[in-house]
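Structural features, examined
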Amino acid sequence: MKMGEEVLRIENLHVSVEGVEILKGLTLTIHKGEIHAIMGRNGAGKSTLANVIMGHPAYEITQGSIHYMSKPLDELEVFERARAGMFLSFQYPAVIPGVQVGTFLKKSTQSVRQVELSARDFRKELKDAMGMLNMDSSFLSRYVNDGFSGGEKKRLEILQMLLLQPKLALLDETDSGLDIDALKIVAQGINMVAPLAGCLIITHYQRLLDHVKPDYVHAMIDGRIVESGGPELAVKLEEQGYEWLEQHQ
Amino acid sequence: MKYADMAPPPRSEHLWRYTPWHWMHPSDIEIIPDALPIRFEAQEPVDMNTNICVASSSNEYARVFLHEVAKSSTIVSSSKDNELMNLYAVASGHVACSHLHFNIKHSVTILLHLSGEADWCGLHITSKIAKNLNVSFAIVNELSNTTTYLECQDWDIAQDSSVEFAGITLGGFRTKSDIRSNLNGRGANMTQAISTHGIGQRHSDHHIEIHHVEPHTTSSLSAHSACDDESHLVTTGLLTIARHANRSDAGQVFRNLLLSPKARAESLPELEVLADDVSAAHGAASAPVDENQMHYMMSRGFSPAEASSLIVEGFLTAAFGEIKNPSIIDAVRTRLTVHLECHIKR
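Note that the structure is a prediction, hence the values are computed from the model and not measured. (Residues numbered from 1 in each chain as written. Chains lettered and ligands numbered in written order. Predicted model: local features only at pLDDT ≥ 70, side-chain atom pairs only at ≥ 80, totals over all residues.)

What to know about the overall build of chain B
Of the regular secondary structure elements, chain B holds five helices and 18 strands. Expected size for 346 residues packed as a compact globule is a radius of gyration near 20 Å; at 20 Å, chain B falls within 12% of this value. For the C-alpha atoms alone, the extent of chain B along its principal axes is close to 55 × 50 × 45 Å. Classification of the 346 residues of chain B by burial places 51% in the buried group. At a minimum sequence separation of 6, the contacts of chain B that also span at least 24 residues come to 83%. (Helix = DSSP H or I, 4+ residues; strand = E, 2+ residues; numbered from the N terminus. Rg over C-alpha atoms; globule rule 2.2 N^0.38 Å. Buried ≥ 20, exposed ≤ 12 C-beta atoms within 10 Å, placed from the backbone. Contact = placed C-beta atoms within 7 Å.)

This is how it looks when you write it as structure tokens:
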């Protein structure tokens with residue numbers, strides 16, 4: 001396989017939250033067009049990894065580095081990372097009362113692309129993306145994530161990803177709370193973005209990976225990647241759990 | 001009762017605790033100042049007449065004062081041909097004051113836009129709503145940032161009539177608003193939503209009373225205040241349910257968004273429930289902008305100023321979540337968006 005350009009390079013990353021070390025020397029490189037899946041038990045540090053890449057202020061990098069498109073990330077604010085093409089699909093997206101989805105999507109798309117979008121062009125783009133995700137237009141007049149079911153929140157995250165066209169997509173447990181049909185639709189969205197981006201999928205389960213074929217699967221234990229492989233590793237983890245990896249530590 | 005015969009209200013009174021009378025009077029509190037009338041215009045032809053202002057039917061201090069200052073009463077009557085009324089009120093000169101009465105015998109939507117550069121503006125709105133009507137009313141205060149504004153409103157709602165009330169305060173330097181509603185007949189309903197944006201040194205004090213006089217009456221009140229800079233926003237409520245007004249249902253929620261360390265917000269919802277078989281609830285909360293909301297929006301490309309602006313807009317809009325009338329919602333959202341684009345640093 002021809003390797004695309006390097007999108008993300010993480011070297012020996014150590015991260016703490018309120019003085020507690022969560023990531024303990026994590027190294028990972030993602031190229032354009034690659035799908036990486038990270039699996040691990042609760043508390044292994046998976047969501048911390050996604051949040052620290054996106055620049056959440058609660059996380060402190062104590063050692064190591066993150067490079068995005070060959071440039072160090074540490075000086076970029078969160079919104080600058082988004083404008084540079086990074087996207088995080090949140091495990092628990094925030095509720096923004098009073099802000100309609102349609103307004104939010106248009107403004108965020110304009111902010112990321114840094115261009116004024118004509119109402120007509122944006123409407124068409126939005127309609128196509130929503131059609132692909134089987135989303136009703138009534139979504140647009142609802143307030144962002146306010147009263148949304150778990151599945152609706154995840155669909156909205158994927159809709160944003162389609163509109164923002166990221167170069168790096170971080171998907172934090174995007175499959176949780178989805179029924180089988182919704183899972184297929186969400187996977188379709190990820191597969192649309194994946195060829196033009198580097199993708200990092202954080203998941204507990206094999207089921208999403210039945211629809212989104214990862215190039216690499218990583219097992220994470222206690223803040224480190226302890227095993228990497230192809231899609232077969234996800235199958236093995238699903239069948240055998242993580243105990244066999246702990247025995248190797 | 002004459003103003004000259006009345007003693008000024010003490011600050012120990014709930015109504016005047018945060019905004020004493022001498023702050024609201026245009027000059028020396030013993031004086032009845034000369035005033036120009038507020039100029040009322042309608043976008044479409046409406047039945048509107050102006051008469052000499054009569055004495056207030058209430059003995060409440062501010063109402064008595066407003067009626068003695070106002071030279072005129074403007075009476076707007078609904079008609080079956082006017083389902084939507086766009087009214088513009090312009091206050092100019094040193095002191096501007098009027099009484100505005102709505103005589104409502106048909107279902108109607110009224111949008112009242114208040115603006116002007118007057119140093120002091122006083123307005124008493126009264127309304128009697130006949131039986132079996134659906135009425136929606138919005139008042140947008142976009143007075144000059146230097147205007148002192150005294151407002152009283154009195155709404156009498158008859159049996160099986162429903163009122164949606166939306167109020168936005170985006171202007172004025174100092175505002176005292178006293179809004180009272182009486183649910184006088186079975187099945188009467190009042191849904192009230194009020195948003196206030198505090199910028200600069202604005203002091204805005206809303207007092208909202210809802211009185212459930214008869215059984216089977218319902219009300220809800222949602223008041224949102226976004227407090228920036230050195231503003232001081234006050235919301236006090238008084239919800240009463242009379243002894244025989246059983247099966248009434250009432251709720252009040254006051255929320256404050258604190259955007260600056262020097263901004264202050266006070267919320268005091270009060271209940272007086274004398275009936276046994278009712279549902280009544282109230283609550284108040286004050287908090288700064290939620291960090292998770294900010295992070296989420298910034299992760300979508302919004303700068304901190306853009307994210308904060310949109311969160312404030314959403315917060316102020318969310319007060320109107322129970323209002324169903326699309327004309328009211330459109331008007332409120334449009335004015336808020338325009339106002340915030342002008343006033344919030346991006």
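Further notes follow.
Some points on the sheet that holds strand β2 (residues 20-31) of chain A
All names here are of chain A. On the basis of which strands lie adjacent, the open sheet formed by four strands has the order β2-β1-β4-β5 and antiparallel pairing. Sheet topology places β2 and β5 (71-72) at the edges, where each strand pairs with a single neighbour. Of the pairings in the sheet, the one linking strand β1 (residues 6-17) to strand β4 (residues 60-68) comprises seven bridges and is antiparallel in character. Residue arginine 9 lies in a different strand from β4, and its bridge partner there is histidine 67. Packed on one face of the sheet, helix α1 (residues 46-54) meets β1, β2 and β4 and runs near 70° to β2. (Pairing = 2+ DSSP bridges. Axes fitted to C-alpha atoms, helices over the stretch in contact; angles between N-to-C directions.)

Quick notes on the sheet that holds strand β11 (residues 216-221) of chain A
All names here are of chain A. Strand order across the open sheet formed by six strands is β6-β9-β10-β3-β11-β12, with mixed pairing between neighbours. Strand pairing shows two members of the sheet lacking a second neighbour, β6 (86-89) and β12 (224-229), which therefore form its edges. Across this sheet, the average inter-strand angle for adjacent strands is 20°, counted without regard to direction. In this sheet, strand β10 (residues 198-203) lies alongside strand β3 (residues 35-40) in parallel orientation, the contact comprising five bridges.

Focus on the nonpolar core
Of all hydrophobic cores here, the largest spans 162 residues; its most connected members are Phe87, Leu168, Leu170, Cys199 and Ile201 of chain A together with Ala138 of chain B. With residues up to four places along the chain from it excluded, the contact list for leucine 168 of chain A reads Val7, Leu8, Tyr68, Gly85, Met86, Phe87, Ala197 and Gly198 of chain A. (Core = buried A, V, L, I, M, F, W, Y, C linked by C-beta atoms within 7 Å.)

Side note on the interface of chain B and chain A
Contact with chain B, which involves 19 residues of that partner, is made by 19 residues of chain A. Among the secondary structure elements, those contributing two or more residues to the side of chain B that touches chain A are α3 (291-298) and α4 (304-318) of chain B. With nine residues, the top contributor of residues to the side of chain B that touches chain A is α4 of chain B.

Here we look at the packing of helix α3 (residues 101-113) of chain A against helix α5 (residues 150-164) of chain A
Residue and element names in this part refer to chain A. Running from N to C, α3 and α5 point in directions that differ by 35°, and their axes come no closer than 10 Å. Considering how the two elements wind past one another, α3 and α5 form a crossing that is right-handed. For the pair α3 and α5, contact is made by Val101, Leu105, Ser108, Thr109 and Val112 and by Leu156, Gln160, Leu163 and Leu164, respectively. Looking at side-chain class alone, the contact of α3 with α5 contains six nonpolar, three polar and no charged residues. (Left-handed = near helix turned anticlockwise from the far one by under 90°. Nonpolar A, V, L, I, M, F, W, Y, C, P; charged D, E, K, R; others polar.)

Quick notes on the pairing of strand β14 (residues 218-227) of chain B
The side chains of a regular strand alternate, first on one face of the sheet and then on the other. Residue and element names in this part refer to chain B. A large share of β14 lies buried, amounting to eight of its 10 residues. Bridge count between strand β12 (residues 189-198) and β14: 10 bridges; the pairing is parallel. Paired with isoleucine 194 across the strands is alanine 223, a residue of β14. Judged from the 10 bridges that link them, β14 and strand β16 (residues 249-258) form a sheet pairing that is parallel. Residue pairing in the sheet places serine 219 in a bridge with alanine 250 of β16.

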